[in-house]
Amino acid sequence: MEDCLFCKIIRGEIPSEKVYEDELVYAFKDINPKAPVHLLIIPKKHYPTLNDLPDEEMDIIAHIHKVVKKLAAEFGVAESGYRTLVNTNKEGGQVIFHLHYHLIGGRQLRA
Ligand code: 5GP
Ligand code: ZN
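Residues numbered from 1 in each chain as written. Chains lettered and ligands numbered in written order. Predicted model: local features only at pLDDT ≥ 70, side-chain atom pairs only at ≥ 80, totals over all residues. Heavy atoms only, no water.

## Quick word on the coordination of the zinc ion (ligand 2)
Put simply, a metal with four donors set out as a tetrahedron has ideal angles of 109.5 degrees, and one with six donors set out as an octahedron has ideal angles of 90 or 180 degrees.
Then step 1. The protein atoms that coordinate the zinc ion (ligand 2) are Cys-4 (SG), Cys-7 (SG), His-46 (ND1) and His-98 (ND1), at distances of 2.0 to 2.3 Å.
Then step 2. The site at the zinc ion (ligand 2) holds four donor atoms, and with the angles between them running 106 to 116 degrees, its shape is tetrahedral.
Then step 3. Sequence spacing of the donor residues for the zinc ion (ligand 2), all on one chain, is C-x2-C-x38-H-x51-H. In this pair, His-46 sits in the loop between β3 (37-43) and α2 (59-74) while His-98 sits in the loop between β4 (82-85) and β5 (101-105), placing the two residues 52 residues apart along the sequence. (Donors = N, O, S within 2.8 Å, 3.2 Å for Na, K, Ca; no water. Tetrahedral: all angles 85-135°; square planar, octahedral: opposite > 155°, others 65-115°. Helix = DSSP H or I, 4+ residues; strand = E, 2+ residues; numbered from the N terminus.)

Structure representation (structure tokens):
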């Protein structure tokens with residue numbers, strides 16, 4: 001999508017610290033990390049929120065989780081522990097309206 005920040009990151013129009021990429025997803029470091037490890041995993045296809053992901057395209061979520069698992073191991077938090085979360089819409093705390101998964105770890109997280 002033309003004006004979406006994360007679409008611009010995928011296209012390389014805005015720089016990012018890429019940690020993984022394949023034909024379906026792109027993953028990069030969060031610019032304002034809330035923990036020593038804070039990665040964002042996004043589908044290359046633009047969905048504004050989880051609500052906009054059609055049931056028939058839900059396989060992308062399984063794929064994102066595979067990437068989360070791989071990156072958690074690579075970044076050394078698989079055993080110590082990490083959190084995976086998706087914020088949806090305003091009261092969910094969503095700021096960027098391109099579906100994304102946070103992978104956060106490397107310190108003790110509280111509820
Ligand atoms: P949300 O609150 O929408 O779930 O999370 C958006 C995340 O994107 C935030 O954690 C924020 O720090 C991150 N972010 C916002 N702008 C940029 C950017 O230009 N580059 C990167 N790498 N992360 C960004
Ligand atoms: Zn987008």
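## A look at the site of ligand 1
Then step 1. Lining the immediate environment of ligand 1, one finds 16 residues, of which Asp-30, Gly-93, Val-95, His-100 and His-102 sit closest.
Then step 2. Lys-29 is positioned with one of its backbone polar atoms (N or O) 2.9 Å from a nitrogen atom of ligand 1.
Then step 3. In this structure, an oxygen atom belonging to ligand 1 sits 2.7 Å away from a side-chain N or O atom of His-100.
Then step 4. When isolated, ligand 1 has an accessible area of 520 Å², and the protein chains bury 85% of it.
Then step 5. At the level of secondary structure, the elements contributing two or more residues to the shell around ligand 1 comprise α1 (5-11) and β2 (25-29).
Then step 6. With three residues, the single largest contributor to the shell around ligand 1 is α1. (Near = heavy atom within 4 Å. Polar contact = N/O pair within 3.5 Å; in protein donor to acceptor, adjacent residues only side chain to side chain. Areas by Shrake-Rupley, 256 points an atom, 1.4 Å probe, with all protein chains shown as cover.)

## A look at the side chain of His-100
Then step 1. Of note, His-100 is situated in the loop between β4 and β5.
Then step 2. Among the polar contacts made by the side chain of His-100, one reaches the main-chain carbonyl oxygen of His-98 at a distance of 2.7 Å.
Then step 3. Every residue in contact with His-100, bar those within four places of it in the chain, is listed here: Phe-6, Leu-40, Ile-41, Ile-42, Leu-85, Val-86 and Gln-94. (Contact = heavy atoms within 4.5 Å.)

## What about the side chain of Gln-94?
Then step 1. When you line up the elements, Gln-94 lands in the loop between β4 and β5.
Then step 2. Within the local environment of Gln-94, its side chain forms a polar contact with the backbone oxygen of Pro-48, the two atoms lying 2.9 Å apart.
Then step 3. In this structure the side chain of Gln-94 is engaged in a polar contact, spanning 3.0 Å, whose partner is the backbone oxygen of Ile-96.

## Description of the packing of aromatic side chains
Then step 1. Considering all chains together, one arrives at two aromatic pairs under this definition.
Then step 2. On the basis of an interplanar angle of 85 degrees and a centroid distance of 5.4 Å, the ring pair of Phe-6 and Phe-28 is categorised as edge-to-face. Here Phe-6, found in helix α1, pairs with Phe-28, found in strand β2; they are 22 residues apart in sequence, far enough to count as distant.
Then step 3. For the ring pair Tyr-26 and Phe-28, a centre distance of 5.7 Å and an interplane angle of 45 degrees mean the geometry is tilted.
Then step 4. One aromatic cluster in this structure is built from Phe-6, Tyr-26 and Phe-28. (Phe/Tyr/Trp six-rings, centres within 6.5 Å; stacked < 30°, edge-to-face > 60°.)

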